[in-house]
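Here is how the chains run, residue by residue.
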Amino acid sequence: MPYRIRRDADSNEAYLETALSGRALLEDPLLNKGTAFTEQERRVFGLAGLLPPAVSSEQDQLARNYANYKSKTTDLERYQCLTALQDRNETLFYHLLSEHLTEMVPIIYTPVVGIACQEYSRIYHRPRGLYISIDQQDMLDELLAAVRRDVEVICVTDGERILGLGDLGIGGMGIPIGKLSLYTVCAGIHPATTLPIVLDVGTNNRELLEDPLYLGRRHERIRGDRYDAFMEAFVTAVAKRFPHAVLQWEDFAKNNAGRLLERYRDRLCSFNDDIQGTGAVTLAAVMAASAATATSIAEQRIVLLGAGSAAVGIATQLVIAMVESGLSPDAARAQICLIDSQGLVHDGREDLDAGKRLYAQPQALFSGSNSTIPSLLEVVRQVRPTVLIGAAAQPGAFDEQIVREMARHVEYPAIFPLSNPTSRCEALPEDLVRWTDARALIATGSPFAPVEYAGRSIPIPQCNNAFIFPGLGLGVLASGAARITDAMFVAAARALSGLSPALADASAPLLPTVEQVREASRHVALAVAREAERADLAPAMTDEELIHRIDEKMWTPRYLPYRRAS
Ligand SMILES: NC(=O)c1ccc[n+]([C@@H]2O[C@H](COP(=O)([O-])OP(=O)(O)OC[C@H]3O[C@@H](n4cnc5c(N)ncnc54)[C@H](O)[C@@H]3O)[C@@H](O)[C@H]2O)c1
Ligand SMILES: O=C(O)C[C@H](O)C(=O)O
Ligand SMILES: [Mn+2]
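Residues numbered from 1 in each chain as written. Chains lettered and ligands numbered in written order. Predicted model: local features only at pLDDT ≥ 70, side-chain atom pairs only at ≥ 80, totals over all residues.

It is worth spelling out the site of ligand 2 at this point. Taken together, the neighbourhood of ligand 2 is formed by Tyr109, Thr110, Leu163, Asp251, Asp273, Asp274, Asn420, Gly445, Asn464 and Asn465. Classifying every residue of the shell around ligand 2 gives two nonpolar, five polar and three charged. (Near = placed C-beta within 6 Å. Nonpolar A, V, L, I, M, F, W, Y, C, P; charged D, E, K, R; others polar.)

So, in structure tokens, the structure goes:
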């Protein structure tokens, strides 16, 4: 690390000590304060002449950067404006974000990060994190060593399933960058300790392969043994260089997502966010909906559109929670219907993988159906679900007929179109409100403005794994947990659902707002740490000790005075 945080012996005030000076100091985004360097700091660090003469306060800089942001006319320009700030001054970037969460999180995260990934090779201006190609397998140790920082959280993708947008190759790098920014925004993890990585194994996206500006390797995706050997070498190198880091797998295509999770979950502290993080936030929303309707989770009849990473992750955690509330695993699974691109997952189908087969409904139950594989509408008609969840990236899939059919049988239908970005969402909240006369309990994957209906303004909560993974990582790091388990995600879900505004007022949103996410992450972290201890994966600590460790890890982005290291 090129710096240390110390405390003054007399005043006990924190200060930052660094040996960097001149341009090198201004060019390190973790250290740069730009025009806020004081006269004295400018003298001590050799900055004279390198900055305009006026000294700005942090507030002046916030005002200047916010005005600059406000002058942009498109979302992509807003994204570029914010990432440019991140690349020159991280403290100011996070300070500005923390004051405009509702406005800016949708820019650096879903939905706008999706456009940024699609346009990655056109808007590229500066590298961030690590880009590792499959032909660099024998250099992995070297590449990780060059990071020269103590990394605590890694987020890695191979770019094959970026949100609901498909294979974006190297452009997928926008996702690990955005996810790690959220670790800092939502849980205070210091940006110096995070590392985004894209593993470039090629792309099958024709448009990218033919784009002269494309920045990734220009070949089809490499699969099979060579892919697996590369992943194995990657994990081995990570475990050697950063043995205590949390490794988050993100936006891998379905087949690889599940396999990598299973292969590595017991080898190092790793989890798959699309499977487990999504499972937990959705479980929290279902728990809150159960409480709001004075029912138990074991009574819910759940229909999931999609049977991929997100859907299977959601189903897995619903089953754990239903079993905890008294059902047998078989009885719990019987209450969950998965629907994939062919239709209902049922036991008459021969095309099911092991993950789906577990949830196969008896085909005989659906004998009234017109087709051998019942459609979503037919399933809704037959099952009369209390909860309808979308994770299939099929915009408009929850159409008026389906939603009205569901709402005929259930007083407060819970409907969660979770697919991202907004362009992939299964239904628009304003339609859901209208079709159900505002009875629907709604939560969406991407953010939506409140819906105005019958003289009311109905806020739409966001059901996004961002309410889970930052707090989970924080809890793992604070407790020193050795592994990450499904039970930790269920604990996280329980903690999050405990903060649901709907517990006190059944008509309130099912989940907290993004403005409350830092507090939510703190609760999630404590619950995760407690579960780690219960499972003997972390040393025993009092609540007080744990909370102290969690709070100590939560960085608040503010400038410190600087002193020169001697
Ligand atoms: N809100 C969140 O926190 C969150 C988290 C993870 C994923 N997601 C979103 O969920 C979506 C799916 O992600 P995933 O990782 O599960 O992807 P995936 O590729 O693993 O799964 C997609 C699933 O959709 C099914 N599908 C495709 N077309 C269909 C159709 N016409 N009808 C029914 N099913 C169809 C596929 O068969 C597959 O089972 C993405 O849009 C992603 O952004 C949201
Ligand atoms: O990135 C998000 O907004 C959530 C999720 O991880 C996704 O892949 O859609
Ligand atoms: Mn994801």
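By size, the foremost hydrophobic cluster in this structure holds 163 residues, and its most contacted members are Ala285, Leu304, Ile339, Ala492 and Val528. Examining the composition of this core, we find that eleven residues originate from one element, helix H14 (residues 273-292), more than from any other. Residues in contact with Leu304, not counting those within four places in the same chain, are Ala311, Ile314, Ala315, Ile336, Cys337, Leu338, Ile339, Ile389 and Ala391. Judged by nonpolar contacts, the second largest core, of five residues, contains Leu25, Leu31, Phe45 and Tyr562. (Core = buried A, V, L, I, M, F, W, Y, C linked by C-beta atoms within 7 Å. Buried ≥ 20, exposed ≤ 12 C-beta atoms within 10 Å, placed from the backbone. Helix = DSSP H or I, 4+ residues; strand = E, 2+ residues; numbered from the N terminus. Contact = placed C-beta atoms within 7 Å.)

Quick look at the site of ligand 1 now. The local shell around ligand 1 holds 29 residues, among which Gly164, Lys254, Gly308, Ala310 and Gly445 are the closest. Put simply, the parts of the chain that give the shell around ligand 1 at least two residues each are H14, helix H15 (309-324) and strand E9 (336-340). Broken down by class, the residue content of the shell around ligand 1 amounts to twelve nonpolar, twelve polar and five charged. Both of domain 2 (61-268) and domain 3 (276-466) provide at least three residues apiece to the shell around ligand 1. (Domains from an automatic or database assignment.)

Moving on, we get to helix H21 (residues 469-479). The buried count for H21 comes to eleven of eleven residues, which makes it a mostly enclosed element. Among all positions of H21, only Phe469, Pro470, Gly471, Leu472, Gly473, Leu474, Gly475, Val476, Leu477, Ala478 and Ser479 are buried. Count one or two residues on from H21 and you reach Gly480, which has phi positive near 75 degrees.

Another point: the UniProt feature "binding site: (S)-malate" (unreviewed entry) in the protein chain. According to UniProt, the "binding site: (S)-malate" (unreviewed entry) feature falls on Arg161, Asn420 and Asn464. By secondary structure assignment, the location of Arg161 is in the loop between strand E4 (153-157) and helix H10 (174-187). Those residues in contact with Arg161, other than ones at most four positions away along the chain, are Gly166, Asp251, Phe252 and Ala253. Within the fold, Asn464 resides in the loop between strand E15 (456-458) and H21. (UniProt positions renumbered as here; feature names shortened; annotations may be inferred.)

Averaged over all residues, the pLDDT of the protein chain is 97; the fraction at 70 or higher stands at 100%. The ipTM assigned to the predicted complex is 0.99, against a pTM of 0.98. (pLDDT = per-residue confidence, 0-100.)

Here strand E1 (residues 3-7) pairs with strand E2 (residues 14-18) via five bridges, running antiparallel. When the sheet's bridge partners are listed, Ile5 is paired in E2 with Leu16. Between the end of E1 and the start of E2, which pair antiparallel, lie six residues, with Asn12 showing a positive phi angle near 65 degrees. Of the pairings in the sheet, the one linking E2 to strand E16 (residues 562-564) comprises three bridges and is parallel in character. Each bridged residue has a counterpart across the sheet, and for Thr18 the counterpart in E16 is Arg564. (Pairing = 2+ DSSP bridges.)

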